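# Remarks on the overall topology
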Amino acid sequence: MQLFAVIINGHWQPGIGDPTFIGWFTVVVYFITALLCLICALPHRLVFLQRVNRNLWLWGFFALILVLLGINKQLDLQSWLTTVGKELAISQGWYQQRRMVQVQFIGGIVIAALILLSVIGRAVYAERRTYRLAFLGLMFLSCFIVIRASSFHHIDTLLGWQLVGLRMNWILEVGGIACIAIAAIRTILDRWSTKNS
């Protein structure tokens with residue numbers, strides 16, 4: 001009950017997380033890439049073979065992740081989570097030990113990302129040429145999410161680095177989305193050429 005009260009009475013206010021051109025551009029790219037992944041998830045034959053089912057769940061998974069990350073890009077739900085965590089720590093009296101909880105939280109995100117990458121990696125191993133670029137994009141996005149989670153607890157310096165004038169967070173996030181988008185476009189073009197040959 002106390003957690004529910006903290007969630008309701010927290011000091012977080014909903015708003016746009018990144019109202020810049022780059023922020024909105026990234027959201028649009030997330031959603032366009034999610035649409036491309038949904039097109040890839042659709043069966044290209046009426047018979048649901050094992051490969052078609054694999055396409056369905058893998059590309060469907062990519063689409064779902066991209067939609068969720070696109071929504072989060074502007075709703076800034078990690079700030080809400082940070083506010084709720086702080087309010088809960090204060091109300092339950094463990095605010096002085098918050099650093100240990102933050103490290104455990106980040107460790108949990110790292111472990112979840114590694115498990116996710118391992119499961120997807122095994123699933124796509126047989127057809128790694130088809131999914132290699134999409135898997136690379138997922139790895140970039142996983143790195144971005146882990147570093148972003150760290151940044152909300154003042155551990156981050158990597159996202160502020162610049163490479164050829166571009167910030168590292170933009171390279172990881174948009175680079176990851178671009179890899180998935182290119183893989184999806186290749187899949188759509190391969191299907192189209194197979195269908196017309």
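See the structure printed just above.
Residues numbered from 1 in each chain as written. Predicted model: local features only at pLDDT ≥ 70, side-chain atom pairs only at ≥ 80, totals over all residues. Heavy atoms only, no water.

Next up on the list: the overall build of the protein chain. Check the secondary structure of the protein chain and you find seven helices and two strands. The buried share of the protein chain, taken over its 197 residues, is 36%. In the form shown here, the protein chain has an accessible surface area of approximately 12300 Å², with 70% of it arising from carbon and sulfur atoms. (Helix = DSSP H or I, 4+ residues; strand = E, 2+ residues; numbered from the N terminus. Buried < 20%, exposed > 50% of the residue type's maximum accessible area, 1.4 Å probe, protein only. Areas by Shrake-Rupley, 256 points an atom, 1.4 Å probe, with all protein chains shown as cover.)

This next bit is on the packing of aromatic side chains. Summed over all chains, the structure comprises four aromatic pairs. Seen in terms of ring centroids, F21 and F25 are 6.0 Å apart; in terms of plane orientation they differ by 25°. Their pairing is stacked. One end of the pair is F21 and the other is F25, both in helix α2 (residues 21-41) and four residues apart, which spans about a single turn. Residue classification places F21 among the exposed residues on the basis of a relative accessible area of 65%. On the basis of an interplanar angle of 40° and a centroid distance of 5.8 Å, the ring pair of W59 and Y131 is categorised as tilted. With W59 in helix α3 (residues 50-75) and Y131 in helix α6 (residues 128-151), the pair connects residues that are 72 residues apart, well separated along the chain. No difference in accessibility class separates W59 from Y131, as the two residues are buried. (Phe/Tyr/Trp six-rings, centres within 6.5 Å; stacked < 30°, edge-to-face > 60°.)

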